[in-house]
2 protein chains.
Amino acid sequence: MSADQLPSWHGTPTKRSIVEFVAAVTDPDSPDFVPERDRVAVFDNDGTLWTEQPVYAQLVFAIDRAAELGHPTSLDKLQAGGMAALIELVALTHAGITTAEFDDLCRNWLASARHPRFGRPYPQTVYQPMLELLGLLDRSGFSCWIFSGGGTDFMRAWAGDVYGVPQHRVIGSVGETEFRIGAGGPELVKTPKVQVIDDGPQKPSSIHRHVGQRPILAAGNTDGDLAMLQWTAASPHRTLQLVVHHTDAEREYAYDVDPILGSGTDQILAAAADHQWTVIDMAADWASVHAAT
Amino acid sequence: MSADQLPSWHGTPTKRSIVEFVAAVTDPDSPDFVPERDRVAVFDNDGTLWTEQPVYAQLVFAIDRAAELGHPTSLDKLQAGGMAALIELVALTHAGITTAEFDDLCRNWLASARHPRFGRPYPQTVYQPMLELLGLLDRSGFSCWIFSGGGTDFMRAWAGDVYGVPQHRVIGSVGETEFRIGAGGPELVKTPKVQVIDDGPQKPSSIHRHVGQRPILAAGNTDGDLAMLQWTAASPHRTLQLVVHHTDAEREYAYDVDPILGSGTDQILAAAADHQWTVIDMAADWASVHAAT
């Protein structure tokens with residue numbers, strides 16, 4: 001294909017490293033050729049594929065739902081209450097209903113909620129350059145998977161459609177569900193019990209469990225993605241690691257530490273420097289951040 | 001396709017129910033048409049896709065490995081020790097090594113171990129009629145998934161190749177893994193902690209987690225598969241439920257209760273009668289059980 005498949009990327013070394021990698025692993029005559037069944041790519045979501053500032057969409061959803069349920073809370077209260085307050089909020093807002101009911105709640109919320117700065121639905125705060133990358137990889141025989149710290153059920157209410165990947169490739173944190181024969185027939189009820197928090201060293205374990213093979217491309221943006229990128233880098237195939245660096249206060253946000261959960265970027269940026277991973281400098285590398293409305 | 005795609009099935013009502021179902025859901029002019037993305041089929045493994053008698057292959061593997069490790073045990077001892085003895089055996093034989101090392105162990109064992117009655121490698125005790133069914137479904141636009149009570153890592157050492165499904169569609173019970181940077185680089189170490197036992201009401205939860213949609217076809221053989229079949233039956237699409245009934249002492253085994261774990265068939269056969277699910281009478285419905293050697 002001769003047309004530029006990454007039009008929202010400036011012609012910087014970052015773009016060239018991506019295009020060259022994809023060309024090398026898909027060219028049967030290249031020494032770096034990777035058979036299609038091994039072309040697995042994994043992506044973090046919050047801050048890697050869509051805007052996570054000023055507050056994670058799922059946390060806004062939980063705060064809105066808590067108010068609806070008659071238990072209003074606020075970001076300040078949650079930050080003061082730490083992890084215990086967060087777990088309590090998740091138990092209140094993400095449990096005691098069926099998976100079908102929860103999916104409806106998420107879809108309804110997503111249809112009406114707007115990002116406070118950009119004034120658009122959260123699914124329209126996905127990064128246009130990353131959508132183009134997902135498309136390029138899909139057309140190049142890759143299977144793209146999402147491994148998010150966010151909840152799987154929340155993610156699947158929108159991410160499959162937005163990113164063009166099947167539901168089974170959208171993975172996140174997991175709460176236990178219980179099977180029961182309800183009034184309307186067999187159903188799964190969400191429980192407050194957290195089975196997996198899909199962050200940090202858990203991400204390679206989740207990839208092993210859900211994919212069953214080692215990826216050759218991984219993209220993340222915080223230290224919580226470091227293990228995923230390390231795991232991928234150790235593939236016997238040629239690999240590519242991408243780190244989205246938030247340097248663009250004008251068009252999005254500039255930050256190195258997430259103000260809500262406190263996850264930083266020191267370790268992943270140091271590892272990127274050590275191993276020549278590709279750091280995406282949002283301000284310099286992206287011609288646009290979000291799609292035009 | 002006019003050629004018989006299920007040659008190892010006798011021309012009984014069982015075969016006709018399968019062929020008619022597949023034709024109906026794949027015919028765009030049928031009122032029962034199901035779009036390809038919703039054609040998900042789920043299969044139990046032990047006793048549904050391969051022979052589970054006289055002893056589950058994975059249990060034989062564990063007993064053999066315990067002996068190698070200098071901790072010999074026996075089936076009698078395990079039965080006397082109940083679930084606690086089983087958990088201890090799994091911790092001894094399935095943990096403390098990397099996922100790559102465990103995969104090697106499984107593959108080596110599978111290459112040399114032989115089924116005590118049939119004298120062939122365990123992967124050659126898969127049911128030829130079920131292999132034909134998996135092939136028919138694959139050619140008909142279905143995604144076939146395995147949801148086994150056996151361990152995911154043990155299953156993936158052979159099941160993907162034998163059943164012709166990608167690794168991510170081979171799911172079973174799961175032990176936790178821990179990411180570490182070892183001498184040879186990043187690796188996952190198997191721990192003795194069991195995260196999920198993929199049986200009974202857990203099966204719908206596992207399907208929700210791994211597939212993210214409700215199947216339209218489910219096949220099992222014991223009460224441990226009942227919830228999976230119930231979950232599938234409640235799809236808004238037309239569905240098919242298959243129960244493999246072990247009625248063939250001559251060519252395989254005739255039993256209703258598994259002698260090792262004690263799982264029975266009372267509930268699933270009662271549900272099959274109640275809901276007109278398709279019971280596969282192995283002796284009457286299958287022209288052959290295993291492939292000729």
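Just so it is clear, the model here is predicted, and its values are computed rather than measured.

A. Region of interest: unusual backbone geometry. All names here are of chain A. Following Gln53, the chain continues into Pro54 via a peptide bond in cis, with omega recorded as -5 degrees. Position of Pro54 relative to the elements: it lies in the loop between strand S1 (40-43) and helix H2 (57-68). At Gln276, a residue that is not glycine, the phi angle is positive and equals roughly 55 degrees.

B. Examining the sheet that holds strand S3 (residues 170-182) of chain B more closely. Residues and elements named next belong to chain B. If you walk across this open sheet you meet the 7 strands as S4-S3-S2-S1-S5-S6-S7, and the pairing is mixed. Where the open sheet ends on each side, the last strands, each with one partner, are strand S4 (185-196) and strand S7 (278-281). Within the sheet, the average angular offset between the axes of one strand and its neighbour, ignoring direction, is 30 degrees. With 3 bridges joining them, strand S1 (residues 40-43) and strand S5 (residues 217-220) adopt parallel strand pairing. Bridge pairing links Ala41 to Leu217 in S5. Across the face of the sheet, helix H10 (residues 266-275) comes into contact with strand S6 (240-245) and S7 while running at roughly 135 degrees to S6.

C. Region of the structure containing the environment of A:Val243. Residues and elements named next belong to chain A. Mapped onto the elements of the fold, Val243 is located in strand S6 (residues 240-245). You can call Val243 buried: its relative accessible area is 1%. Val243 sits 50 residues away from Thr293 along the chain, and the two C-alpha atoms are 26 Å apart. Beyond its immediate sequence surroundings of up to four residues, Val243 is in contact with Gly220, Asn221, Leu229, Ile268, Leu269, Ala272, Trp277, Thr278, Val279 and Ile280.

D. Region of the structure containing the interface of chain B and chain A. Contacts between the two partners involve 29 residues from chain B, matched on the other side by 29 residues from chain A. Buried area between chain B and chain A, both sides added, is near 2700 Å², and the carbon and sulfur share of it is 55%. If you sort the residues of chain B by the area they bury against chain A, B:Phe179, B:His208 and B:Arg209 come out on top, with a joint share of 25%. Linking chain B with chain A are 14 residue pairs in polar contact (both at pLDDT 80 or more), by the criterion used here. Mapped by element, the contributors of at least two residues to the side of chain B that touches chain A are helix H6 (152-156), S3, S4, helix H8 (202-210) and helix H9 (226-233) of chain B.

E. Examining H9(B) more closely. The buried fraction of H9(B) amounts to 6 of the 8 residues, a majority that puts the element mostly inside the structure. Within H9(B), the full set of buried residues consists of B:Leu226, B:Ala227, B:Met228, B:Leu229, B:Trp231 and B:Thr232.

F. Local environment of the packing of aromatic side chains. One pass over the full model with this rule turns up 24 aromatic pairs over all chains. Taken together, a centroid distance of 5.8 Å and an interplanar angle of 90 degrees make the contact between B:Phe61 and B:Phe102 edge-to-face. One end of the pair, B:Phe61, is in helix H2 (residues 57-68); the other, B:Phe102, is in helix H4 (residues 99-112), with 41 residues separating them in the sequence. For the pair formed by B:Phe61 and B:Phe102, the shared burial category is buried. The rings of A:Trp50, A:Phe61, A:Phe102, A:Trp109, A:Tyr122, A:Phe154, A:Trp158 and A:Tyr163 are connected pair by pair, giving a single aromatic cluster.

G. Examining the pattern of salt bridges more closely. The tally for this structure, following the rule as stated, stands at 22 salt bridges over all chains. In this structure, the salt-bridge partner of A:Arg251 is A:Asp248, at a minimum N-O distance of 2.7 Å. For A:Asp248, a relative accessible area of 4% translates into the label buried. Note that B:Glu68 is salt-bridged to B:Arg65, the shortest N-O span being 3.9 Å. With B:Glu68 and B:Arg65 both in helix H2, this residue pair falls 3 residues apart, about one helical turn. Each of the salt bridges in this network shares a partner with another, and the network as a whole consists of A:Glu20, A:Asp32 and A:Arg238.

H. Quick peek at the relation of the copies chain B and chain A. Rotating chain B by 180 degrees about the axis while translating it 0.0 Å along that axis superimposes it on chain A, leaving an RMSD of 0.0 Å. Such a turn and shift between the copies fits a two-fold axis. Identified as the residue of chain B closest to the rotation axis by C-alpha distance is B:His210, at 3.4 Å. A share of 100% of the interface residues of chain B reappears at the interface of chain A, consistent with the copies meeting face to face through the same patch.

I. Region of the structure containing the packing of H8(B) against H9(B). Residue and element names in this part refer to chain B. With their axes 7 Å apart at the nearest point, H8 and H9 run at an angle of 55 degrees to one another. Taken together, H8 and H9 sit at an angle that is classed as oblique. Residues Lys203, Pro204 and Ile207 of H8 touch H9, and the partners they reach there are Ala227, Met228 and Trp231. Grouping the amino acids of the contact of H8 with H9 by side-chain chemistry returns 5 nonpolar, no polar and 1 charged.

J. Main features of the environment of A:Asp46. Residue and element names in this part refer to chain A. Inspection of the secondary structure puts Asp46 in the loop between S1 and H2. Expressed as a C-alpha distance, the spacing of Asp46 and Gly182, which sit 136 residues apart in the sequence, is 35 Å. For Asp46, the residues in contact, after removing those within four places along its chain, are Glu52, Tyr56, Ser148, Gly150 and Asn221. One polar contact links Asp46 to Trp50, side chain to side chain, over a distance of 2.7 Å.

K. Molecular detail of the confidence of the model for chain A. With 99% of its residues at a pLDDT of 70 or more, chain A has an overall mean of 96. Our summary of model confidence lists the complex with pTM equal to 0.97 and ipTM equal to 0.96.

L. Quick peek at the pairing of S6(B). Residues and elements named next belong to chain B. By the criterion of burial, S6 is predominantly enclosed, with 6 of the 6 residues buried. Every second residue of S6 is oriented toward a common face, with Leu240, Leu242 and Val244 on one face and Gln241, Val243 and His245 on the other, all of them buried. Looking at chain direction, S5 and S6 are connected through 4 bridges and run parallel. Looking at S6, one finds that Gly220 is bridged to Val243. The pairing of S6 with S7 spans 4 bridges and is classified as parallel. Counted as the bridge partner of His245 is Asp281 from S7.

M. Broad picture of H2(B). All names here are of chain B. Over its 12 residues, H2 extends 17 Å from the first C-alpha to the last, a length consistent with the 16 Å expected when each residue adds 1.5 Å. Most of H2 sits out of view: 9 of its 12 residues are buried. In the stretch just after H2, Gly70 is the one whose phi turns positive, near 80 degrees.

N. Expanded view of the sheet that holds strand S7 (residues 278-281) of chain A. Residues and elements named next belong to chain A. The sheet built from 7 strands is open, its strands ordered S4-S3-S2-S1-S5-S6-S7 with mixed pairing. Two strands lie at the open edges of the sheet, namely strand S4 (185-196) and S7, each paired on one side alone. Strand-to-strand twist in this sheet, taken as the mean axis angle between neighbours without regard to direction, amounts to 30 degrees. Sheet topology places S1 next to strand S2 (residues 143-151); 4 bridges connect them, and they run parallel. The residue bridging Val42 from the neighbouring strand is Trp145, located in S2.

What counts and what doesn't
- Residues numbered from 1 in each chain as written.
- Chains lettered and ligands numbered in written order.
- Predicted model: local features only at pLDDT ≥ 70, side-chain atom pairs only at ≥ 80, totals over all residues.
- Heavy atoms only, no water.
- Helix = DSSP H or I, 4+ residues; strand = E, 2+ residues; numbered from the N terminus.
- Pairing = 2+ DSSP bridges.
- Axes fitted to C-alpha atoms, helices over the stretch in contact; angles between N-to-C directions.
- Contact = heavy atoms within 4.5 Å.
- Buried < 20%, exposed > 50% of the residue type's maximum accessible area, 1.4 Å probe, protein only.
- Buried area = accessible area lost by both parts, 1.4 Å probe.
- Polar contact = N/O pair within 3.5 Å; in protein donor to acceptor, adjacent residues only side chain to side chain.
- Phe/Tyr/Trp six-rings, centres within 6.5 Å; stacked < 30°, edge-to-face > 60°.
- Salt bridge = Lys/Arg side-chain N within 4 Å of Asp/Glu carboxyl O.
- Least-squares fit on C-alpha atoms with pLDDT ≥ 70 in both.
- Parallel < 35°, antiparallel > 145°, perpendicular 65-115°, else oblique.
- Nonpolar A, V, L, I, M, F, W, Y, C, P; charged D, E, K, R; others polar.
- pLDDT = per-residue confidence, 0-100.
- Expected span 1.5 Å × (residues − 1).

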